[in-house]
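# Topology and contacts: notes
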Amino acid sequence: MLIILIVFVQSLEIELINLQQVYYSVEIWANNKNYNLIVDTGSDTLWIFGKQNNRRRYYECNECEAINKMRLDYGLGSIQGTQYNQEFKFVNERLNLSVVEVNQVQDLESLIADGIIGLSKQSTNTKQNLIEIMSYKKLMDGKQFGLLLNDQICSSNSLLILGYPNQSHYIGQLQYINTTNSNLWNSYANSIYVTNNTYLKILESKKQLILFDSGTSKIMMSSKKFHALHNIFNDDYNLQCESVKHLQFHELVCHFTDEYPNVIININSELNLTLLPQDYISSCGYNYLLQYRCYLNFQNLDNDDEIILGVVFLQKYYTHYDLLNNQVGIAQSKYYKRDQIPITHLGQQHSYEMFYISMISVIILVLLVILAMNFLKVRQNANEIAQSDEDNKQGNVQEQEMEPIKSSASQQR
């Protein structure tokens, strides 16, 4: 019994809900309601949609004293609301946390979850910090947590691990890297390069700031670096990529081939974070023009010169966040299988759906053209018949007018 208790205290594993392979949420309770909140290592705030947002499940703080008004800006939008202290139930424990009841939203209305719970680095003096409170109440051992994000929607292996890491979830040993003194889980990479093992192109050769952010779905980089990667893919690997705008960002859509290179983020001499084509290609399939194209998980970031490693990266690598030592541990997840899938099978169902939709669209278009041509032909024939009838009618009238003349001429004779 004692051993079980020690294991439980050292590592508390909480199942996360995979929201369409874009975000991962954890369940939390307040006012007899449960909320699914996105676990966001790129934010330091817990917020939930309020009643004003016309959502089926909303948060409303009853008999609470407001602390202050808050506004938070994200890459895709912003929220505004009022901050309160509220008792929540989390993993069957009652915790007094700081929460923002959101009453105004911009460009985040389509967010699947009920809100966000931020797990970025915060000052240890912040009493409403989830990790601080859990550690203070001896519900976890050590001010640290890990994220295991499985890329399979129906799998239960996506976990928030509070306390010491569980080695059964990753391959080898955790490689720890130091983070900056900011409130974000930032670190520096030595260089970034693109290679197919025989040819290498440098994307960045100086210290590059990177951010481990579970609140971002894809891999984001500065517009300058995004365009540089675009040029490398086209000029050096002939991928015929196009920059396509989606929402507020640009993404790369490229020609299908099995010659995509690897993208490698070199942290130090012992640690290379490698993204294979299967890791950064979202799917390959037919578009509406029946072109077979690949959609990549890279987006441009206009503000800062940094690279944000979102869910696409975190699905491949188990990451462990240590508040006391100010570092992040990284190791490849045991459950990640995407790198074993052929590129042609990525998003295969989506590919076939697009192909069938395109074929059906072409057939419908051909049928519409045929119907239009038949309609025009019928209308033209009707006009010709009507014109012929009109001509015949006019001819009959002329003949009737000629008959009296002929009769008069006969009588005169």
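Everything that follows concerns the structure shown earlier in this document.
Cut-offs used in this document
- Residues numbered from 1 in each chain as written.
- Predicted model: local features only at pLDDT ≥ 70, side-chain atom pairs only at ≥ 80, totals over all residues.
- Heavy atoms only, no water.
- Helix = DSSP H or I, 4+ residues; strand = E, 2+ residues; numbered from the N terminus.
- Buried < 20%, exposed > 50% of the residue type's maximum accessible area, 1.4 Å probe, protein only.
- Contact = heavy atoms within 4.5 Å.
- Areas by Shrake-Rupley, 256 points an atom, 1.4 Å probe, with all protein chains shown as cover.
- Patch = residues over 30% accessible without salt bridge, like charges linked within 9 Å, V, L, I, M, F, W, Y side chains within 5 Å.
- Salt bridge = Lys/Arg side-chain N within 4 Å of Asp/Glu carboxyl O.
- 1 Å grid on protein atoms, 1.4 Å probe; cavity = no way out; pocket = protein on both sides within 12 Å on 5 of 7 lines; lining within 4 Å.
- Points joined across faces, edges and corners; volume = space filled by probe spheres on them.
- Nonpolar A, V, L, I, M, F, W, Y, C, P; charged D, E, K, R; others polar.
- Pairing = 2+ DSSP bridges.
- Axes fitted to C-alpha atoms, helices over the stretch in contact; angles between N-to-C directions.
- Expected span 1.5 Å × (residues − 1).
- Core = buried A, V, L, I, M, F, W, Y, C linked by side-chain atoms within 4.5 Å.

Bringing the overall build of the chain into the picture now. Across its full length, the chain holds six helices and 26 strands. When each of the 413 residues of the chain is scored for burial, the buried share is 47%. In the chain, of all internal contacts separated by at least 6 residues, the share reaching a separation of at least 24 is 65%. Accessible surface for the chain amounts to roughly 22,300 Å². Of this, 50% is attributable to carbon and sulfur atoms.

Once that is clear, we can look at a nonpolar patch on the surface. Taken together, Ile360, Ile364, Leu368 and Leu371 make up a surface patch of nonpolar side chains, about 400 Å² in accessible area. Secondary-structure assignment places Ile360 in helix 6 (residues 348-412).

Right, let's talk about empty space enclosed by the protein for a bit. Applying the stated criterion across every chain, the model contains two cavities of 30 Å³ or more. In this structure, the largest cavity spans a volume of roughly 50 Å³. Residue composition of the lining of the largest cavity, grouped by class: ten nonpolar, no polar and no charged. What the second largest cavity holds in volume is close to 30 Å³. Lining the second largest cavity are Gly118, Leu119, Ser120, Asn129, Ile131, Phe145 and Leu323. Of the residues contributing to the lining of the second largest cavity, the split by class is four nonpolar, three polar and no charged.

Attention now goes to the sheet that holds strand 15 (residues 200-204). Across the sheet, which stays open at both edges, the four strands sit in the order 15-14-20-21 with antiparallel pairing between neighbours. Only two strands of the sheet have a single partner each, and these edge strands are strand 15 and strand 21 (271-275). Across the sheet, the axes of successive neighbouring strands diverge by a mean angle of 25°, strand direction being ignored. Note that strand 14 (residues 191-195) and strand 20 (residues 262-268) share five bridges and pair antiparallel. In the sheet register, Thr195 faces strand 20, and the bridge partner there is Asn262. Helix 3 (residues 223-235) contacts strand 14 and strand 15 of the sheet and is inclined by roughly 170° relative to strand 15.

Under the definition given, this model contains nine salt bridges. The partner of Arg71 in a salt bridge is Asp73, and the shortest N-O contact between them spans 3.0 Å. Across the salt bridge formed by Asp305 and Lys225, the nearest N and O atoms sit 2.8 Å from each other. Note that Asp305 is positioned in the loop between strand 23 (292-301) and strand 24 (306-309) and Lys225 in helix 3, a separation of 80 residues in sequence. Note on Lys225: relative accessible area 5%, which makes it buried. One network of salt bridges, with partners in common, ties together Glu204, Lys225 and Asp305.

What follows deals with unusual backbone geometry. You will see that Val91, though not glycine, has its phi angle at about 45°, which is positive. Considering the arrangement of structural elements, one finds Val91 in the loop between strand 7 (78-90) and strand 8 (93-106). A positive phi angle, close to 60°, is found at Lys138, a residue other than glycine. Residue class for Lys138 comes out exposed when judged on its relative accessible area of 65%.

Attention now goes to helix 3. The end-to-end C-alpha distance of helix 3 is 18 Å, a good match for the 18 Å that 13 residues give at a rise of 1.5 Å each. Here helix 3 has its buried residues at Ser223, Lys225, Phe226, Leu229, His230, Ile232 and Phe233.

Let us look at the nonpolar core. Counting 78 residues, the largest nonpolar core has Phe90, Leu162, Phe233, Leu296 and Phe298 as its most contacted members. Contacts of Phe233, omitting those with residues within four sequence positions, involve Val194, Asn238, Leu239, Cys241, Leu252, Pro261, Tyr280, Leu296 and Phe298. If you look at the next biggest cluster of nonpolar residues, it comprises 14 residues, including Leu72, Val100, Leu108 and Leu111.

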